[in-house]
Amino acid sequence: MMAGKLGGYAGQLLRIDLTNGVIKKVPLSKEVCIKFIGGRGRDAKVLFDELPPEVDPLSPDNILCISTGPITGLLGPTTGRVNVATKSPLTGIYGNSNAGAHWGAELKYAGYDGIIITGKASKPVYIYIEDDLVEIKDASHLWGKGTYETTSILQKDHRGYDTKVAAIGPAAENGVLYGSVIFDYWDAAGRTGTGTVMASKNLKAIAVTGTGSLTVANPRRYAEVAKEAWQALMEDPGFQTQEHAALGTLVVLGLGNAQGWLPTRNFRETVFELADEVSGEAFRDRFSTRPAPIPAGRACLSCPNRCKRFGRITSGKYAGTKGNIEFEGVAAFGPKCGVGDLEAVYHAYMLANDYGMDCISCGNTIALFMELHEEGILTHDELEGLDLHFGDADAMVEMVHRIAKREGKLGELGGLGEELAAKRIGRGAENYTTTIKGMGTIGTDPRVAKGFGFGFAVASRGSDHLRAHPVFEMIKYPPGVAEELFGAKEAGELSKYEGKVRLVFFHENMAAITDSMGTCRFMHASFYAEYPIPEILAKYLKKKGPVYSIKYHEWLSAATGLNFTYEDLMKTGERIINLERALNVRFGIRREHDTLPKRFLTQPVPTGPYKGTVFSQEKLDEMLDEYYDLRGWERETGLPYRESLVELGLEDVAEDLERRGLVATRIKE
């Protein structure tokens, strides 16, 4: 049965074989829409069904999926998200990243829900899509150019700003393993090296112009549900402060420093003495292009949050630097490198975007090199004339250039990312990495934020906050809310372990759902406007009058015409998480990989409000047991039980894993 008549969806996918130049338009499967929704869920299904696990990530046989969800491009809060998925060249496991902006909606207006790309072109090409017209065009004139210039040229060559562009930069072309895909100039699908896979296929960009429209199954009901979603967001206590809108995601840098979880000098410390110099307030006051209280903020499609704080440097050696800044980029090039020069941090971040490489992995790798030099592991001679110390802004900026160009021995090493570079260096360098499953840790110290830390350990794409994003533990909700949702009042306390497994379990399921629908996780993990949290919170605040919430199940039902209950949708989240686990066990992931780096388990936080704390290995083991029980995975191995997969409607996945000896079976008493 085909999904062409379902609301919300465009109804078809593009399959593009770059080796043979073959373009096919194929209808969506209704069954896949029901089971996996779209976006992240559908991409994982394509990879599981079609990608041999032994494939080299940079070979033509790897598959690159770029996919929207049924809500992408519709009315409602935050409907601009797009998913990118492949086998990661950085980690060798499931690689996936998510971006916003307007490109995903444009693809749907052109008539396509996603693109599945295989093979490798014989020369640099880009894909141009304009409604029914889909062409593979020469990109020789674009190869080697930055993402900003590439986007500008393609817009001039086609329909101007009506053309939306996803582009890669020189870093991916040069084989940096964490190359990103940049959408609409500024928005990055940054993590896991999806851009490097795109470069390995000689694919420079995908430009899209769409003039079509989308329909929903039940317009009247859809309008009601979308309106309630807007009302829920407007009444959310966190959204009402407008701090996020005023400062962007950089608002959390000051919070992290005050709460004592801000990674500093490659996670040696958790408090940065120069935090005020690189804060959201400092950026607003120095570089914003509009006055406070609402400085210039870029928003993805249909988003009131405007979390991408835009600015410009107008004088000094970095004059001309412009673009939107985010917390993770500042955390990576600022506190992690011990750099308090905001101009240098901003410039390094925008360089990384233009070169097309993940700012987190790039900053983390530079911070690692700084520590290795200070520890005497990287000698002065090995630095090739660069005096690489914590706090050296010029050296940090220079390293961004060297890594992107793979220039010299250090640039070559830097392009491998933290874990592979440390293995290549040897001499104990691995003891200073903060990677999990091959990917570096973001700007939150897991020794302090226990929910985030546990989420890092079990995340399907490596150390990552966005598989779960359990911001709940950083927000002061009434303790009863945490108890009702996660079984323990302590789930809402930053450094406590109790309730954190259920906290992560819930957030992972919700993230899988929203990434598959095409909406932004800030609606369910930062502002907590989703059902049933506003209803629970209202009880403890003794709120009078109506209570509004984002009811994703009703939203999806009204859009598509499919009938989702809340319980159905949460099971769908579990199904997607289990499918990703199945992908990863085929790539070799087991229980021993669901862990934290040595630094977080053995080295106490040296300063700040949580001085002396670590993430207990004993607690981590207990939490993994509980988590595996919830997921239906075997405690000893981390392999999914056959019965759990079948219960979730993943019979074909269970059969595949069983043939490979990668499924666990419960022993009957």
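Residues numbered from 1 in each chain as written. Predicted model: local features only at pLDDT ≥ 70, side-chain atom pairs only at ≥ 80, totals over all residues. Heavy atoms only, no water.

## Here's the deal with a negative patch on the surface
There is a patch of like negative charges on the surface, built from E243, D276, E277 and E281. Following the sequence through the fold, E243 ends up in helix α9 (residues 243-247). (Patch = residues over 30% accessible without salt bridge, like charges linked within 9 Å, V, L, I, M, F, W, Y side chains within 5 Å. Areas by Shrake-Rupley, 256 points an atom, 1.4 Å probe, with all protein chains shown as cover. Salt bridge = Lys/Arg side-chain N within 4 Å of Asp/Glu carboxyl O. Lys, Arg positive; Asp, Glu negative; His and termini not counted. Charge placed at Lys NZ, Arg CZ, Asp CG, Glu CD. Helix = DSSP H or I, 4+ residues; strand = E, 2+ residues; numbered from the N terminus.)

## Side note on the pattern of salt bridges
Across all of its chains, the model carries 52 salt bridges by this definition. For K500, the salt bridge goes to E473, with nearest N and O atoms at 2.7 Å. Here K500 is found in helix α20 (residues 500-517), whereas its partner E473 is found in the loop between α18 (450-458) and α19 (479-486), with 27 residues between them in sequence. Neither K500 nor E473 differs from the other in exposure class; each is buried. Between K551 and E535 there is a salt bridge, with the nearest N and O atoms lying 3.6 Å from each other. Placement of K551 in the loop between α21 (533-541) and α22 (552-560) and of E535 in helix α21 is noted, with a sequence separation of 16 residues between them. The exposure class of K551 is buried, given its relative accessible area of 15%. Of the residues examined, E535 reaches a relative accessible area of 24% and is grouped as partly exposed. Overlapping salt bridges, with partners in common, bring together R268, E371, E374, E375 and R599 in one network. (Buried < 20%, exposed > 50% of the residue type's maximum accessible area, 1.4 Å probe, protein only.)

## Description of the packing of helix α11 (residues 280-287) against helix α13 (residues 342-355)
One way to put it is that α11 packs onto α13 with a least axis distance of 11 Å and a crossing angle of 90°. As summarised for this structure, α11 and α13 are arranged roughly perpendicular, according to the angle between their axes. Listed contacts from α13 to A282, F283, R286 and F287 of α11 are L342, E343 and Y346. Of the residues that constitute the contact of α11 with α13, the class distribution is five nonpolar, no polar and two charged. (Axes fitted to C-alpha atoms, helices over the stretch in contact; angles between N-to-C directions. Parallel < 35°, antiparallel > 145°, perpendicular 65-115°, else oblique. Contact = heavy atoms within 4.5 Å. Nonpolar A, V, L, I, M, F, W, Y, C, P; charged D, E, K, R; others polar.)

## Some words on the sheet that holds strand β7 (residues 125-130)
To summarise the sheet geometry, strands pair through backbone hydrogen bonds and adopt either a parallel or an antiparallel arrangement. The six strands lie next to each other as β8-β7-β12-β9-β10-β11, forming an open sheet whose pairing is mixed. Looking at strand neighbours, the two that pair on one side only are β8 (133-138) and β11 (187-189), the edges of this open sheet. Between one strand and the next, the sheet's axes are offset by a mean angle of 20°, whatever the strand orientation. Running at roughly 145° to strand β9 (residues 164-167), helix α4 (residues 147-157) makes contact with β7, β9, β10 (181-183) and β12 (203-209) of the sheet. (Pairing = 2+ DSSP bridges.)

## Digging into the pairing of β9
Every second residue of β9 is oriented toward a common face, with K164 and A166 on one face and V165 and A167 on the other, all of them buried. Pairing analysis gives four bridges linking β9 to β12, with the strands arranged antiparallel. Residue pairing for β12: K164 is matched across the bridge by V208. Here two bridges tie β9 to β10, and the two strands are oriented antiparallel to one another. Residue pairing across strands places A167 opposite I182, the latter belonging to β10.

## Some words on the packing of aromatic side chains
By the definition in use, this model includes 23 aromatic pairs. Measuring from centroid to centroid gives 5.9 Å for Y185 and W186, while their planes differ by 35°, and the two rings are tilted. Comparing Y185 with W186, the two get one shared label, buried. Aromatic side chains Y497 and F615 sit 5.4 Å apart centroid to centroid with 85° between the ring planes, which places their arrangement in the edge-to-face category. Here Y497, found in the loop between α19 and α20, pairs with F615, found in the loop between α24 (598-602) and α25 (617-631); they are 118 residues apart in sequence, far enough to count as distant. Under the relative-accessibility criterion, Y497 is labelled buried at 17%. A network of ring pairs unites the aromatic residues F472, Y477, F486, F506 and Y528 as a single cluster. (Phe/Tyr/Trp six-rings, centres within 6.5 Å; stacked < 30°, edge-to-face > 60°.)

## As for the environment of L342
Residue placement: L342 occurs in helix α13. Spatially, the C-alpha atoms of L342 and R306 are 21 Å apart, while their sequence positions differ by 36 residues. Sequence-distant contacts of L342, defined by excluding residues within four places in its chain, comprise E277, V278, A282, F283, R286 and F287.

## A few points about the side chain of N353
For N353, the position within the fold is in helix α13. We classify N353 as buried; its relative accessible area is 4%. Each residue touching N353, except ones within four places of it in the same chain, is listed here: T147, Y148, I182, W186 and A188.

## A closer look at the side chain of N202
With respect to the secondary-structure elements, N202 resides in the loop between α6 (194-200) and β12. In this structure the side chain of N202 is engaged in a polar contact, spanning 2.9 Å, whose partner is the backbone oxygen of A121. What N202 contacts, discounting residues up to four positions off in sequence, is K120, A121, S122, K123, P124, V125 and W143. (Polar contact = N/O pair within 3.5 Å; in protein donor to acceptor, adjacent residues only side chain to side chain.)

## What to know about unusual backbone geometry
The residue after Y531, namely P532, is reached through a cis peptide bond having omega 5°. In this structure, P532 sits in the loop between α20 and α21. With a phi close to 160°, S526 is a non-glycine residue in the positive phi region. Here S526 shows up in the loop between α20 and α21.

## A closer look at the state of the cysteines
Per the counting criterion, the structure on display carries zero disulfides. Not engaged in a disulfide, the cysteine C300 finds its nearest cysteine sulfur in C303; these two sulfurs lie 6.2 Å apart. Left unpaired, C337 is separated from the closest cysteine sulfur, that of C362, by 8.4 Å. (Disulfide = S-S within 2.5 Å.)

## As for helix α14 (residues 359-374)
Between the first and last C-alpha of α14 there are 23 Å, a value that for 16 residues agrees with the 22 Å anticipated at 1.5 Å per step. With respect to burial, α14 is a largely interior element, 15 of its 16 residues being buried. Backbone nitrogen of I360 and a side-chain oxygen of the N-cap are separated by 3.2 Å at the start of α14; the cap is D358. G376, located one to two residues past α14, shows a positive phi value of around 80°. (Expected span 1.5 Å × (residues − 1).)

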